[in-house]
Amino acid sequence: MFGWLKRACSCVWGGVKTVAKKVCDGVKYVAKKTWEGVKKVGNCVAKVWKKCTGQDVAEEAERRLAALEERTRRRNEEFNAFTSEKSKEINDALASINACRKRLNDELFPQFCSLAGNFRNWSVADVGLEKCVSLKGGCDSVRSREELMRIDFRNHPISANLLAVFTLGFATRKRAKESLNQVKEEEERMNAEFQKLEAEKARINGVLMSLRQVERQFESCLEIYSKVLDEVDYSVALLRSGRCILGGEFADGKFDVEFLPERHLLSLKAADEITRIVFAMGAHRYVNANAKRMELLDADVTDVRKGQNKCKEIEQNLQAA
């Protein structure tokens, strides 16, 4: 009997709990929908208020300004990375050109002076080395928020909203529109700055390309110069052998160039001419490292190209002789 009563009570309690749960769920559902309705109403009211006060326009200006500042930061970082890489490449090219100068000073000029000294006195001054360069720069920074934003709902919402209330939104809407227009103008100005960065990158690449050409042309001229000096060395050795045979012993003194065969005479003249050419190449400066904006000295680069062409012409004439 008591078992039956216990089961009956359990069934009743289960029914009560089920009803209670449904009631609670219903209350929660109604509360949720009510809150969602309140939020929607609140959002609609907020949107209307923002539109009346111009806060929506000011917020758009804030978003565009933040995006512009971030874009400017990325562009400057990219440009700094680019200039760092190109500085290294340009300095590598200048180091190769300096190596050519050092070879002239330490090897080829002394060799020429020693060989040419067998015919007449000759001296060649050393050429100086070129300094390393460091590329710097970047685009102009975005004007400050204080300069661009005529009204500040973000940091001073109370004063901005009070101004909207007292002026029925006319003053705040006007200032918000002015802020947005100023931000748009700043975007145009910075776009022009970004284009300048791209133009500067193209210019720096052009400088690097020209320096690499100078490097190749300089090295080419030195190889021709070395071959011509070997020809002169052979001529001097030939004259010494002849003097030794005719005189019975080696005698010091300068040689008369008239005793040289035509090819060897051409070699001596070629050595004299190429010495002047490569000295000019070594004496030139190819970049202006003192200016804030690194400049390529185009006239000197052009002279190197002309000098290389002249060296090749001299080499061809010797081969044809």
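All of these numbers come straight from a predicted model, not from anything done at the bench.

Chemist: Just to check I follow, could you spell out the pattern of salt bridges for this structure?
Modeler: Pairs may arise between side chains of opposite charge once their charged atoms sit close together. Inspection of the entire model under this criterion finds 23 salt bridges. Here Arg73 ties to Glu70 by a salt bridge, and the two come within 2.4 Å at their closest N and O atoms. Linking Arg73 with Glu70, this pair stays in helix H2 (residues 55-116), spanning three residues, or about one helical turn. For Arg73, a relative accessible area of 39% puts it in the partly exposed group. A relative accessible area of 32% means that Glu70 is categorised as partly exposed. Members of the salt-bridge network, linked through shared partners, are Glu70, Arg73, Arg74 and Glu77.

Chemist: What exactly am I supposed to notice about empty space enclosed by the protein here?
Modeler: It is the rolling of a water-molecule-sized probe over the atoms that shows where space remains empty. Scanning all chains against the criterion turns up one cavity of 30 Å³ or more. Space inside the largest cavity adds up to approximately 40 Å³. Around the largest cavity sit Arg75, Glu78, Phe79, Phe194, Leu197, Glu198 and Lys201, which together line it. Sorting the residues of the lining of the largest cavity by element identifies H2 and helix H5 (170-247) as the ones contributing at least two each.

Chemist: Help me understand the side chain of Asn105, please; the structure alone is not making it clear to me.
Modeler: Mapped onto the elements, Asn105 comes out in helix H2. Within the local environment of Asn105, its side chain forms a polar contact with the backbone oxygen of Val127, the two atoms lying 2.9 Å apart. The residues touching Asn105, leaving out its near neighbours within four places in the chain, are Pro110, Asp126 and Val127.

Rules used in this analysis
Residues numbered from 1 in each chain as written. Predicted model: local features only at pLDDT ≥ 70, side-chain atom pairs only at ≥ 80, totals over all residues. Heavy atoms only, no water. Salt bridge = Lys/Arg side-chain N within 4 Å of Asp/Glu carboxyl O. Helix = DSSP H or I, 4+ residues; strand = E, 2+ residues; numbered from the N terminus. Buried < 20%, exposed > 50% of the residue type's maximum accessible area, 1.4 Å probe, protein only. 1 Å grid on protein atoms, 1.4 Å probe; cavity = no way out; pocket = protein on both sides within 12 Å on 5 of 7 lines; lining within 4 Å. Points joined across faces, edges and corners; volume = space filled by probe spheres on them. Polar contact = N/O pair within 3.5 Å; in protein donor to acceptor, adjacent residues only side chain to side chain. Contact = heavy atoms within 4.5 Å.

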